[in-house]
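The chain contents come next:
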Amino acid sequence: MTDLSLLHPRTVDEAIALQREIARRVVCEEAHGQIERVAGIDVGFPGGGTRGRAAIAVLDFPSLALIETAVAESEVNFPYVPGLLSFRELPVVLQALERLSAPPDLLLVDGHGRAHPRRCGIACHLGVLTDLPSIGVAKSRLIGMHEPVPQRRGAWVPLRDGSEIIGAVLRTRVGVHPVYVSIGHRVSLERAVDWVMACTTRYRLPETTRAAHALASGTARKRETGGEGLV
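Residues numbered from 1 in each chain as written. Predicted model: local features only at pLDDT ≥ 70, side-chain atom pairs only at ≥ 80, totals over all residues. Heavy atoms only, no water.

Looking up the protein chain in an unreviewed UniProt entry gives the name Endonuclease V, with the organism given as Tepidiphilus baoligensis. The Cofactor (unreviewed entry) comment attached to the protein chain in UniProt states, word for word, "Mg(2+)". (UniProt positions renumbered as here; feature names shortened; annotations may be inferred.)

This part covers the environment of Tyr180. For Tyr180, the location among the structural elements is in strand β8 (residues 179–185). Linking Tyr180 and Val92, residues 88 residues apart in sequence, is a C-alpha distance of 24 Å. Looking at Tyr180, its side chain comes within polar contact range of the side chain of His146, at 3.5 Å. (Helix = DSSP H or I, 4+ residues; strand = E, 2+ residues; numbered from the N terminus. Polar contact = N/O pair within 3.5 Å; in protein donor to acceptor, adjacent residues only side chain to side chain.)

Turning next to the nonpolar core. Of all hydrophobic cores here, the largest spans 63 residues; its most connected members are Ile56, Leu97, Leu106, Leu107, Leu126, Ile135 and Val181. No other element matches the seven residues that helix α2 (residues 86–98) contributes to this core. If we skip the residues at most four places from it in the chain, Leu107 touches Ala39, Ile41, Leu97, Leu126, Thr130, Leu132, Pro133, Ser134 and Ile135. (Core = buried A, V, L, I, M, F, W, Y, C linked by side-chain atoms within 4.5 Å. Buried < 20%, exposed > 50% of the residue type's maximum accessible area, 1.4 Å probe, protein only. Contact = heavy atoms within 4.5 Å.)

Along helix α4 (residues 189–198), the residues that are buried comprise Leu189, Ala192, Val193, Trp195, Val196 and Met197. As for α4, its buried residues are in contact with β4 (106–109), β5 (134–138), β6 (156–161), β7 (164–170) and β8.

Further remarks concern the layout of surface pockets. Its boundaries defined by the atoms lining it, the largest pocket holds a volume of some 520 Å³. Among the elements of the structure, β1 (37–44) and α2 are those that each provide at least two residues to the lining of the largest pocket. If one sorts the elements of the lining of the largest pocket by residue count, β1 sits on top with three residues. Class assignment of the residues belonging to the lining of the largest pocket gives a composition of 11 nonpolar, nine polar and five charged. A volume near 200 Å³ is recorded for the second largest pocket. What lines the second largest pocket is a set of 11 residues, and nearest its centre among them are Thr2, Leu97, Pro103, Thr130 and Leu132. It is α2 that provides the largest number of residues to the lining of the second largest pocket, a total of three residues. Residue composition of the lining of the second largest pocket, by class: eight nonpolar, two polar and one charged. (1 Å grid on protein atoms, 1.4 Å probe; cavity = no way out; pocket = protein on both sides within 12 Å on 5 of 7 lines; lining within 4 Å. Points joined across faces, edges and corners; volume = space filled by probe spheres on them. Nonpolar A, V, L, I, M, F, W, Y, C, P; charged D, E, K, R; others polar.)

Inspection of helix α5 (residues 207–217) places Glu207, Thr208, Thr209, Ala211, Ala212, Ala214 and Leu215 among the buried residues, and these make up the whole buried set. Residues of α5 that are buried sit in contact with β1, β2 (51–60), β3 (66–75) and β4.

This brings us to the packing of aromatic side chains. Within the structure shown, the criterion is met by two aromatic pairs. Aromatic pair Phe61 and Trp195: ring centres 5.0 Å apart, planes at 65°, arrangement edge-to-face. Highlighted residues: Phe61 in the loop between β2 and β3 and Trp195 in helix α4, separated in sequence by 134 residues. Comparing Phe61 with Trp195 shows no difference in burial state: the two are buried. Here Phe78 and Phe87 contribute two aromatic rings whose centre-to-centre distance is 5.5 Å and whose plane-to-plane angle is 40°, an arrangement assigned as tilted. (Phe/Tyr/Trp six-rings, centres within 6.5 Å; stacked < 30°, edge-to-face > 60°.)

For the rest of this paragraph, the subject is the UniProt feature "binding site: Mg(2+)" (unreviewed entry) in the protein chain. The UniProt record marks Asp42 and Asp110 with the feature "binding site: Mg(2+)" (unreviewed entry), using the residue numbering of this structure. Considering the C-alpha atoms alone, the annotated residues occupy 69 residues of sequence yet fold into one spot, their largest mutual distance being 6.5 Å. For the largest pocket, the lining residues among the annotations just cited are Asp42 and Asp110. Leave out the neighbours within four places in its chain, and Asp42 touches Arg53, Ala54, Ala55, Ala212, His213 and Ala216. Looking at the secondary structure, you find Asp110 in the loop between β4 and α3 (122–130). Asp110 gets classed as partly exposed once you look at its relative accessible area, which sits at 24%. Setting aside chain neighbours within four positions, we find Asp110 in contact with Ile41, Val137, Lys139, Thr209 and His213. In terms of polar contacts, Asp110 uses its side chain to reach the side chain of Lys139, at 3.0 Å.

Okay, here's the thing in structure tokens:
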């Protein structure tokens, strides 16, 4: 059940207070059942940022075949404030989630989880709101420091903020930049890395993220998977 009390702050100060409350609710260990439906989420802002558009692609696990998609679009009601972007993005994401035939078993979110100044990136926010297991998979670093990542597929090093480990810097493909993986909700960091690698083929980003991007941009082609398929 979605806890909407964590979604609609009236001020920036209220939003920051909500993030701190959400961060306290994050479960940083394995707390889920069998994973059969993994979802990627993409959010964009067509029309100059006044409207949000969310695309969700659900893939079968472990085959990674596309089985269902959903798209939603709505007005944006929260201002652009760095570090608080989930308050702009999640209302339309929740609309898209409601259009799926069943909830995903695991969310791979294009963004950060605990690798955030207040330990509450969009993957944490969405995970706690919906109580679904979630992982943040970001293309760039928001906070923290790390050692060089070995040039080996699947290699990773801790992302640290001071003495605290807040994520993993993961090499998904040799010769390209790593991705930044962090706990969203109801997963451990080590297993989050495993899930990301299990959803990644020969590209830098997981297939979940790639499918959601393709759906959002309209570049995907329908696949005969028994589900809705991208068009």
